[in-house]
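Notes for the structure review
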Amino acid sequence: MMLTSCQSEEPKPGQPGSTEEVAFTISLPDVIDTRATDHTSWTNSALGGATNNVGKDVTFTLALYLDDYQVYGEQKTVACTGNYTSVTFSPKMVIGENYHFVAYAEFDSNVNPEAMDAIEFKQVLNDEAVDEYFVAKDVVAAPQLSAELQRPYGKLRLLADDWDEAERQFNSHIESVKVEYDFGRAKTFDAKTGYFSLPDANFCRVMEASRVDYTEGEFIAAGSSVVEKENVDYKTIFVDYIPAHPIDDTMMPFVLTVTFENGQVYQRSFIQEIPIRRNWLTTLKGDLFTIGSEITLIIEETFDNEHVENIVNP
């Protein structure tokens, strides 16, 4: 009699074909420390500052797909910890298998892990909490995985060197700001592909900024641990996060309308095309309220220069 036996060995942990929990770490870019830390001596765009202060927790979302079928989706909320904010998920994955993953991070969470292809775009001026981050890639499952997120938006910032002079000329404080873009704007973002939805053909977004309130004449030097008061005349007129194409520049002509407390109105048209690039900061800075004045255009990669010379102390 001849006896035969057949035994199939399970793959060992870490080997191709084994199913195990993977340490999947996703993180925000290092420049987050200039943007979201709860630094009480810093201000934000809504108060006329040239930098940001969100001071909110960050909600991370991770989704995994096999052949376009979602096999994992989870959210975690963590405190922003300065120059490195990250979270680690523990999904079960087949080592060596090809997955498509989508990671998202936001300050005000409205993302559904099961609807990563239709994330609503928040259309608010001068609110740094609108800023969001994502990454979408194919990955081969391994015991440890990591990814750094980037913004799907470009940031547009308008700084006036003659803000205080304008208030003297108009004999009134600035009360509100309105921005009208001369083109359609996307309404949703497909984080799985990295593309925004097509805008409505005749859609023109008009946004009202909240009242700009600040303590006149008090300033703090950027990066300084000691409050230093000095006469810095520029302030932020508005900050906006623009849905940007993954590769090409998004052109942004717009009309700015500033209303003063005494009812007077100032309007200026930026009819030239202003280029907005994904994950880049576009700054327009100069004598905004001076007729015929030139405005300096600065486009900087990865938002590193959030501090422009000095920032306003509220």
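As the structure is a prediction and not an experimental result, all values here were calculated from the model.

This part takes up the environment of Ala 103. When you line up the elements, Ala 103 lands in strand S7 (residues 98–106). Ala 103 sits in the buried class, given a relative accessible area of 0%. As for Ala 103 and Tyr 133, which are separated by 30 residues in sequence, their C-alpha atoms are 8.2 Å apart. For Ala 103, the residues in contact, after removing those within four places along its chain, are Ile 26, Thr 61, Leu 62, Tyr 133, Phe 134, Val 135 and Leu 149.

This part takes up the pattern of salt bridges. Opposite charge on two side chains permits pairing when their charged atoms draw close. Tallied over the full model, the rule gives 5 salt bridges. In this structure, Glu 165 and Arg 168 form a salt bridge, with 3.2 Å as the shortest nitrogen-oxygen distance. Note that Glu 165 and Arg 168 are positioned in helix H1 (residues 163–170) at a spacing of 3 residues, about one turn of the helix. Judged by relative accessible area, Arg 168 falls into the exposed class, the value being 54%. Linking Asp 249 and Arg 277 is a salt bridge whose minimum nitrogen-to-oxygen distance equals 3.1 Å. Pair noted here: Asp 249 is in the loop between strand S17 (235–243) and strand S18 (250–251) and Arg 277 is in the loop between strand S21 (275–276) and strand S22 (280–286), with a separation of 28 residues, a long-range link. On the accessibility criterion, Arg 277 (30% relative accessible area) is partly exposed.

Most of strand S11 (residues 153–160) sits out of view: 8 of its 8 residues are buried. Of the two faces of S11, the one holding Tyr 153, Lys 155, Arg 157 and Leu 159 and the one holding Gly 154, Leu 156, Leu 158 and Ala 160 are both buried throughout. One ladder, built from 8 bridges, connects S11 with S17; its direction is antiparallel. Residue pairing in the sheet places Gly 154 in a bridge with Ile 242 of S17.

Let us now look at H1. Every buried residue belonging to H1 is among Trp 163, Asp 164, Ala 166, Glu 167 and Phe 170, and all of these are buried. The buried residues of H1 all sit within an arc of 160° when viewed along its axis, so they share a single face. Pointing more than 90 degrees away from the buried face of H1 are the exposed residues Arg 168 and Gln 169. Residues of H1 that are buried make contact with S11, strand S12 (174–181), S17, strand S19 (254–260) and strand S20 (265–270). Of the residues one or two after H1, Asn 171 is the one with positive phi, at around 55°.

The final tally for this structure, using the stated rule, is 15 aromatic pairs. Ring centres of Phe 107 and Tyr 133 lie 6.4 Å apart, and the angle between their planes is 75°; on these two criteria the pair is classed as edge-to-face. Residue Phe 107 is located in the loop between S7 and strand S8 (119–120), and its partner Tyr 133 is located in strand S9 (residues 132–140); the two are separated by 26 residues in the primary sequence. Tyr 133 matches Phe 107 in its accessibility class, with the two residues each being buried. One aromatic cluster in this structure is built from Tyr 104, Phe 121, Phe 134, Tyr 153, Phe 189, Phe 196 and Tyr 241. For Lys 192, the ring lying beneath its charged end belongs to Tyr 65, and the centroid distance is 4.5 Å. Here the basic side chain of Arg 277 rests over the ring of Trp 280, its NZ or CZ set 5.2 Å away from the ring centre.

The strands that make up a sheet are held in pairs by hydrogen bonds between backbone atoms, and each pair lies either parallel or antiparallel. Spatial ordering of the open sheet is given by S17-S11-S22-S23, a layout of 4 strands whose pairing is mixed. Edge strands, defined here as strands with exactly one partner in the open sheet, are S17 and strand S23 (295–301). Across this sheet, the average inter-strand angle for adjacent strands is 15°, counted without regard to direction.

Our next topic: the nonpolar core. One recurring pattern in soluble globular proteins is that nonpolar side chains are buried together. Ranked by size, the top nonpolar core spans 27 residues in total, and within it Phe 24, Ile 26, Phe 60, Met 93, Phe 101 and Leu 149 carry the most contacts. Of all the secondary structure elements, the ones that give two or more residues to this core are strand S2 (23–27), strand S3 (58–66), strand S5 (86–89), S7, S9 and strand S10 (144–148). Those residues in contact with Leu 149 that lie beyond four places of it in its chain are Ile 26, Ser 27, Leu 28, Pro 29, Ala 103, Tyr 104, Ala 105, Tyr 133, Phe 134 and Val 135.

Cut-offs and rules
- Residues numbered from 1 in each chain as written.
- Predicted model: local features only at pLDDT ≥ 70, side-chain atom pairs only at ≥ 80, totals over all residues.
- Heavy atoms only, no water.
- Helix = DSSP H or I, 4+ residues; strand = E, 2+ residues; numbered from the N terminus.
- Buried < 20%, exposed > 50% of the residue type's maximum accessible area, 1.4 Å probe, protein only.
- Contact = heavy atoms within 4.5 Å.
- Salt bridge = Lys/Arg side-chain N within 4 Å of Asp/Glu carboxyl O.
- Pairing = 2+ DSSP bridges.
- Arc of directions from axis to C-beta.
- Phe/Tyr/Trp six-rings, centres within 6.5 Å; stacked < 30°, edge-to-face > 60°.
- Lys NZ or Arg CZ within 6 Å of the ring centre and 35° of its normal.
- Axes fitted to C-alpha atoms, helices over the stretch in contact; angles between N-to-C directions.
- Core = buried A, V, L, I, M, F, W, Y, C linked by side-chain atoms within 4.5 Å.

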